[in-house]
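Here is how the chains run, residue by residue.
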Amino acid sequence: MLPDALRDDLSRLVFDGRYEELHADLVEILHHEIFRYREGLTTAEQTALSYERLRFLNDALEPASEIVRRPLRLFALHEWPGLLDSTLAIPMTIHYNLCVGSILEHGAGRDDLTAELRELETMSSVGVFLATELGYGNNVAALRTEAVYDRHTREFVLHTPTAAAQKFMQNTGHPGVPKLAVVLARLLCDGTDHGVFPFLVRLRDADGPRPGVTITLLPEKPGLASDNAVTSFHHVRVPHRALLSGSAADFTEDGVLDSALHSHRQRFLHTMDRIQSGRLCGTTGLLAAARAALFLTVRYAHHRTTFAPGAEDVPLIAYRSHQRDLFVPLAQVYAMTFLVNRVKNRYRDRADGPGPDHELNRLLAVTKAVATWTAAETLEVCRERCGAQGMLRTNRIIDWITAAKAVITAEGDNKVLLLKAAHDMLSGRGYTPPGPGAAPRPGKRDLLDTGFLAELLAFREHRLHTAIIRSMAERLAEGASLFDAWNGRLNDALELARTHAGRLALEALAEAAAGARTEEGRAALLGLARIHGGELVGTADGWYLAEGALTAGQVLGRPALTDELCAGIAPYATALVDAFGIPATLLGSPLADAAYQDHYDYREPDGTAITAR
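Within any chain, residue numbers begin from 1 and follow the written order of that chain's sequence. Confidence filtering applies because this is a predicted model: local features only for residues at pLDDT of at least 70, side-chain atom pairs given and counted only at 80 or more, and all residues used for totals across whole chains, interfaces and linings. The side-chain numbers reported here are obtained from all heavy atoms of the structure, hydrogens and water having been left aside.

Participant: Help me out: how do you make sense of the overall build of the protein in this one?
Facilitator: Within the protein, the secondary structure is distributed over 22 helices and 14 strands. Over its C-alpha trace the protein gives a radius of gyration of 26 Å, about what one expects of a compact globule, namely 25 Å for 613 residues. Principal-axis analysis of the C-alpha atoms gives the protein an extent of 85 × 80 × 40 Å. A 1.4 Å probe rolled over the protein chains alone gives each residue an accessible area, and that area as a share of the maximum for its type sets the label: buried under 20%, exposed over 50%, partly exposed in between. Looking at the 613 residues of the protein, the share that counts as buried comes to 54%. Residue contacts follow a heavy-atom distance rule, with two residues in contact if any of their heavy atoms lie within 4.5 Å. Long-range contacts, defined as pairs at least 24 residues apart, comprise 74% of the intrachain contacts of the protein with a sequence gap of at least 6. Shrake-Rupley sampling with a 1.4 Å probe provides the accessible areas, and residues are treated as covered by the protein chains on show and by no other component. With the model as given, the accessible surface of the protein reaches about 25,700 Å², and the carbon-plus-sulfur share is 53%. Charge counting treats Lys and Arg as positive and Asp and Glu as negative, with His and both chain ends excluded. Charge placement uses NZ in Lys and CZ in Arg. For Asp and Glu, CG and CD serve respectively. Within the protein, one finds 64 positive and 76 negative side-chain charges whose respective centroids are separated by 3 Å. The secondary structure listing takes helices from DSSP runs of H or I that are at least 4 residues long and strands from runs of E that are at least 2 residues long, numbered from the N terminus. Radius of gyration: C-alpha atoms only; globule rule: 2.2 Å multiplied by the number of residues to the exponent 0.38.

Participant: Before we go on, may I ask you to explain the packing of helix α10 (residues 274-303) against helix α12 (residues 358-385) in this structure?
Facilitator: Working note: a packed helix pair is described by the angle between its axes plus the distance between those axes. Fitting a line to C-alpha atoms yields each axis, with helices limited to the stretch in contact; the angle taken between N-to-C directions then spans 0 to 180 degrees. Where α10 meets α12, the axes come as close as 8 Å, and the angle between the chain directions of the two elements is 25°. The orientation of α10 with respect to α12, classified from their angle, is roughly parallel. Relative to α12, α10 is oriented so that their crossing is left-handed. Residue-level inspection shows Gln 276, Arg 279, Leu 280, Thr 283, Leu 286, Leu 287, Ala 289, Ala 290, Ala 293, Leu 294 and Thr 297 of α10 in contact with α12, the latter providing Asn 361, Leu 364, Thr 367, Lys 368, Ala 371, Thr 372, Ala 375, Thr 378, Leu 379, Cys 382 and Arg 385. In the scheme used here, Gly and all other residues not listed as nonpolar or charged are polar, with Ala, Val, Leu, Ile, Met, Phe, Trp, Tyr, Cys and Pro taken as nonpolar and Asp, Glu, Lys and Arg as charged. For the contact of α10 with α12, a count of residues per class yields twelve nonpolar, seven polar and three charged. Any angle that falls under 35 degrees is termed roughly parallel, while one over 145 is termed roughly antiparallel, one within 65 to 115 roughly perpendicular, and all others oblique. Less than a right angle of anticlockwise turn of the near helix away from the far helix marks a crossing as left-handed, whereas a clockwise turn marks it as right-handed.

Participant: I tried to follow the packing of aromatic side chains on my own but got confused; where do I start?
Facilitator: The description of an aromatic ring pair rests on the distance of the ring centres and on the angle between the ring planes. Two rings belonging to Phe, Tyr or Trp (six-membered ring only in the last case) form a pair when the distance between their centres is within 6.5 Å. Interplanar angles under 30 degrees mark stacking, angles over 60 mark edge-to-face geometry, and anything in between is tilted. Going through the model one piece at a time under the given rule, you end up with eleven aromatic pairs. Summarising the aromatic geometry, the rings of Phe 156 and Phe 199 are spaced 5.1 Å apart at their centres and angled 65° between planes, so their arrangement reads as edge-to-face. Here Phe 156 is found in strand β3 (residues 155-159), whereas its partner Phe 199 is found in strand β6 (residues 192-205), with 43 residues between them in sequence. A residue is classified by how much of its surface remains accessible, and Phe 156, at 0% relative accessible area, is buried. In this structure Phe 199 comes out as buried when scored by relative accessible area, which is 0%. With 5.3 Å between their ring centres and 40° between their planes, Tyr 334 and Phe 580 make a pair best called tilted.

Participant: How should the sheet that holds strand β9 (residues 228-233) be read in this particular structure?
Facilitator: Each strand in a sheet pairs with another by means of backbone hydrogen bonds, the pair being arranged parallel or else antiparallel. Taken in spatial order, the three strands line up as β4-β9-β8 in an open sheet, and their pairing is antiparallel. Edge positions in the sheet fall to β4 (167-171) and β8 (213-217), since each of these pairs with one other strand and no more. Looking at each pair of strands side by side, their axes are set apart by 35° on average, direction ignored. Here a strand pair is declared whenever DSSP counts at least two bridges between the two strands. Across four bridges, the pairing between β4 and β9 is antiparallel.

Participant: Would you mind showing me how to read helix α20 (residues 552-569) here?
Facilitator: A turn of α-helix holds 3.6 residues, and therefore any two residues three or four places apart point the same way. Here the expected span of a helix is defined as 1.5 Å times the quantity of residues minus one. Taking 1.5 Å per residue as the helical rise, α20 with its 18 residues ought to reach 26 Å, and the 26 Å between its terminal C-alpha atoms agrees with that figure. What is called the bend at a residue is the angle between a pair of axes, fitted to the seven residues leading up to and ending at it and to the seven starting from it. If you look at α20, its biggest bend is around 50°, right at Arg 558, and the proline Pro 559 turns up within four residues after that. Along α20, the residues classified as buried are Gln 554, Val 555, Arg 558, Thr 562, Leu 565, Cys 566 and Ile 569. Of the surrounding elements, those touching the buried residues of α20 are α11 (320-348), α15 (450-477), α18 (519-538), α19 (541-546) and α21 (573-578).

Participant: So what exactly am I meant to see when it comes to the packing of α15 against helix α17 (residues 490-514) here?
Facilitator: Contact pair α15 / α17: the axes reach a minimum separation of 9 Å and the direction vectors enclose 155°. In terms of orientation, α15 lies roughly antiparallel with respect to α17. The two elements α15 and α17 cross, and the hand of that crossing is left-handed. Only Asp 492, Ala 493, Glu 495, Leu 496, Thr 499, His 500, Gly 502, Arg 503 and Leu 506 of α17 make contact with α15, whose side of the interface consists of Thr 450, Leu 453, Ala 454, Leu 457, Ala 458, Arg 460, Glu 461, Leu 464, His 465 and Ile 468. Among the residues making up the contact of α15 with α17, the classes are represented as nine nonpolar, five polar and five charged.

Participant: Looking at this model, I keep getting lost on the pairing of strand β10 (residues 236-239). Mind explaining?
Facilitator: Note on strand geometry: in a regular strand, side chains alternate between the two faces of the sheet. Along β10, the buried face is formed by Val 236 and Val 238; none of Arg 237 and Pro 239, which line the opposite face, is buried. Pairing of β3 with β10 involves four bridges; the strand directions are antiparallel. Looking at β10, one finds that Phe 156 is bridged to Val 238.

Participant: Just checking my understanding: could you explain unusual backbone geometry for this structure?
Facilitator: We note that Asp 16 has phi near 55°; this positive angle belongs to a residue other than glycine. As for its position among the elements, Asp 16 is in the loop between α1 (3-14) and α2 (19-29). Its identity as a non-glycine residue notwithstanding, His 235 has a phi of 50°, on the positive side. Locating His 235 in the fold gives a position in the loop between β9 and β10.

Participant: Would you mind showing me how to read the nonpolar core here?
Facilitator: The tendency in soluble globular proteins is for nonpolar side chains to be buried side by side. In this description, a nonpolar core means a group of buried Ala, Val, Leu, Ile, Met, Phe, Trp, Tyr and Cys residues linked to one another through side-chain atoms lying within 4.5 Å. By size, the foremost hydrophobic cluster in this structure holds 192 residues, and its most contacted members are Tyr 96, Tyr 334, Trp 400, Leu 525 and Leu 576. If we skip the residues at most four places from it in the chain, Leu 576 touches Leu 10, Leu 330, Tyr 334, Ala 524, Leu 525, Leu 528 and Ile 569.

Participant: Explain the environment of Leu 57 here, please?
Facilitator: Structurally, Leu 57 can be placed in helix α3 (residues 43-60). Judged by relative accessible area, which is 0%, Leu 57 ranks as buried. Put simply, Leu 57 and Pro 81 are 24 residues apart on the chain and 8.8 Å apart in space, counted from C-alpha to C-alpha. Ignoring any residue separated from it by four or fewer positions in sequence, one finds Leu 57 in contact with Ile 29, Phe 35, Leu 77, Pro 81 and Met 92.

What is shown is where atoms sit, not what they do.
Next comes the structure, spelled out in structure tokens:
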């Protein structure tokens, strides 16, 4: 088969058949000169450049409101700019998804917001989203920024009552960039707390922060030039129309809150709805970086030679140790890519209803946590396998590693998200555990059978689910508090959610393999599925052995089997990474080029070599 046919078959699956529709123009835009790598910028210069690039990108695309209304287009947007500028990715996702998205969602049908939306669409102001507070972190429901309703003027007075209530880490600090914010605050009226609502607030114009708004830049972060700051309010008055409550709530003429949402929790969840899509935005962006790192590292491994006992120099990829280091994360990243594709489609097709979509919430939580951890681990491996080259910013990987650290704790810390998902799974919210059944019979199956691997994962998922529920019930019957009963099984709960996500990813990868149109495509993806499933089972092979679900021979032989599977992937490796659709010219990294040494062949204009610089 021609290599291009295999690459195209795999690429069709990676992009869910929508590359031309959703991605092609983004790649073309990013080839513009403005996105080229620049050496030696100060933090302030990099921040300014990132905002300049964001405006260029915004001008080249359809209006922000159109992008936000098409979730798959919004997610596609997050897969590309961050590959060239990790700092740019942060204000981009906040502007489009969190700010514009919140206004469209909570201000639907309101003509009085047209001017602000136009301002954001032309990017004469950049949108920001202020939720997290210094003293409350992930516990946004406990935030303390106040919005006190003045029934006489029909205005709201925003105020930061304590140092702990200062808005923390948002990108509000760069001078000269006007910022229009969606601010989450606790709505108070006549001393009554009505819960958390979003408000549209102008933070700064070209001349600086608005009266009553204090913005202080935070210390620098290595490798990330986002203008994170601490932001506070001192009795800032905003008009009645600043309340973005949608159809959920509003004040009557006599100053009484009329709300269709009767509990603080319902109001908070309604307010935070854009965080759900934000989890997919961050996940798709970081997973794209992991794919790009594999693209560079696998190509580099094919043309970087090293010594070999009893032979001429060989490429790095010839070594089984190098194959395992690269092809295990390649399998995992492919699995996560297909899982994320499933969840993106599920999000697009979500139904509007009066209550939360527990199934979707669980999928978003476990996918964000497991996929971003996988991406971060992949980036670290790729950096190491590229040696000193991996440390150079021109090769991009080191910047993506910094971005990964930000994404893992953004839109909900990964571990907290997994625990919340596990709690919902144990409570039966939008989840039914795999059927009980006996342990799979290892003597009749082997670890090359992806169906057997999926059954093993389902078996462990069921057992963990059952054991946690039984244990907590016993502790409660003995008089333990609910917290103590739950706290004693937290690590098992995390393992339950991880196992669940791993099983879903394996199923998505196996389904993609079955959907390949070429024999080679099916073989390559089936090999990756076997590797991914084997690694998941291998993390708990002692447990499976104790349960009689694996034999001692299968446990002992699994590492050698992984080596053989990786060797089987080697002929497909280049096609598998080329299928990620990343033009080498886009990244501008020497690693992608077989003549990478030429990038360091510095010469004088007359062609003579430079011996000292």
